[in-house]
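Examining the three-dimensional arrangement
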Amino acid sequence: MLLARPRAAGQRPSGRAAPARRDAGARLARRTEACLLRPRWDAALVRVAYERIAERPDLLRRARELASRTIIVDVEPLVAYWDTGQEALDAGIAEILGEIGGDSHMSVVCFATNSDRRPSADYGTSGPGGPRVVYLASAHKPFWTAPYRDFPRPGVVIGDQVATDGILARRLGYTFLHYSPDLTHAPAGPRLMYDLGRRIEPLLFRHR
Ligand SMILES: [Mg+2]
């Protein structure tokens, strides 16, 4: 009886295995690119619009000028700074909703954060006469897009990070309003993410 010789450690079972792994790697790369960079659903633009805005009041003004029906608002630091507590979060949300309240054109205001902090109020139902308010904690930006699927267009994403908020905007086919405050005193994590975003931003967006 002939027995197959045991393979040495790390030895390929045959010469055909390596191309199979290369194919699998290429497929994974294509799927990752499709997941992160391509617009979803009926987004027609190859590159969505991008505007960098440093002053907070100008963000909502610009969203109105674009006749946005949906606004997705990143929470930190636009609504509340990273290391603030419940009171600051509640006050920040109330302030933004107060600024938006009179805009009858706007249908959905969605606060989205990758952190697990939540406001005291229970959002998620439509208010009388105002926009529908949605709050998403642990939003897994930019990977999860299903929560935004039914929001009306056109829409904008307002946030400080290209790698999360910006890519989410691109996947949804929304305009990205890049909030660019002074991050000198921001925690190290957001500053590192900001530097990463500066490198990939030219690949993702067209500038108005
Ligand atoms: Mg942020």
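As the structure is a computational prediction, the values presented were derived from the model and not from experiment.

For the rest of this paragraph, the subject is the confidence of the model for the protein. Here the protein shows a mean pLDDT of 81. Residues at 70 or above account for 73%. The model gives residues 1-18 a pLDDT under 50, and that stretch makes 3 contacts with residues more than four places away or in other chains. Segment residues 40-46 is flagged for pLDDT under 50; beyond a separation of four residues in sequence, or across chains, it makes 9 contacts in the model.

This part is about the pairing of strand β2 (residues 70-74). Of all the 5 residues making up β2, 5 are buried; the element is thus mostly covered by neighbouring parts of the structure. The two faces of β2 match: T70, I72 and D74 on one face and I71 and V73 on the other face are all buried. Judged from the 5 bridges that link them, β2 and strand β3 (residues 108-112) form a sheet pairing that is parallel. Each bridged residue has a counterpart across the sheet, and for V73 the counterpart in β3 is F111. Relative to strand β5 (residues 155-159), β2 runs parallel, the two sharing 4 bridges. The residue bridging I71 from the neighbouring strand is V156, located in β5.

Membership of the largest hydrophobic core comes to 38 residues, with the highest contact counts inside it found for V73, F111 and I158. Top element by residues in this core is helix α4 (residues 162-172). It accounts for 6 residues. Once you skip the residues sitting within four places of it in the chain, F111 turns out to touch V73, V75, V79, I93, Y135 and L136.

Let's shift gears to unusual backbone geometry. Of note, the bond from E76 into P77 is cis; its omega dihedral lies within 30 degrees of zero at 5 degrees. Relative to the helices and strands, P77 is located in the loop between β2 and α3 (86-100). Note the cis peptide between K141 and P142, where omega equals 5 degrees. Of note in this structure, A67 is not a glycine but carries a positive phi near 55 degrees. Among the secondary structure elements, A67 is positioned in the loop between α2 (56-65) and β2. With a phi angle near 45 degrees, S138 is a residue other than glycine that sits in the positive phi range.

Right, let's get into helix α5 (residues 188-204). Between its terminal C-alpha atoms α5 stretches 24 Å, which fits the 24 Å expected from 17 residues at 1.5 Å a residue. Roughly 35 degrees is the biggest bend found in α5, and it falls at R198, with proline P202 one to four residues downstream. The element α5 is largely exposed, with a buried count of 1 among its 17 residues.

The rules behind the values
Residues numbered from 1 in each chain as written. Predicted model: local features only at pLDDT ≥ 70, side-chain atom pairs only at ≥ 80, totals over all residues. pLDDT = per-residue confidence, 0-100. Contact = placed C-beta atoms within 7 Å. Buried ≥ 20, exposed ≤ 12 C-beta atoms within 10 Å, placed from the backbone. Helix = DSSP H or I, 4+ residues; strand = E, 2+ residues; numbered from the N terminus. Pairing = 2+ DSSP bridges. Core = buried A, V, L, I, M, F, W, Y, C linked by C-beta atoms within 7 Å. Expected span 1.5 Å × (residues − 1). Bend = angle between axes of the 7 residues up to and from the residue.

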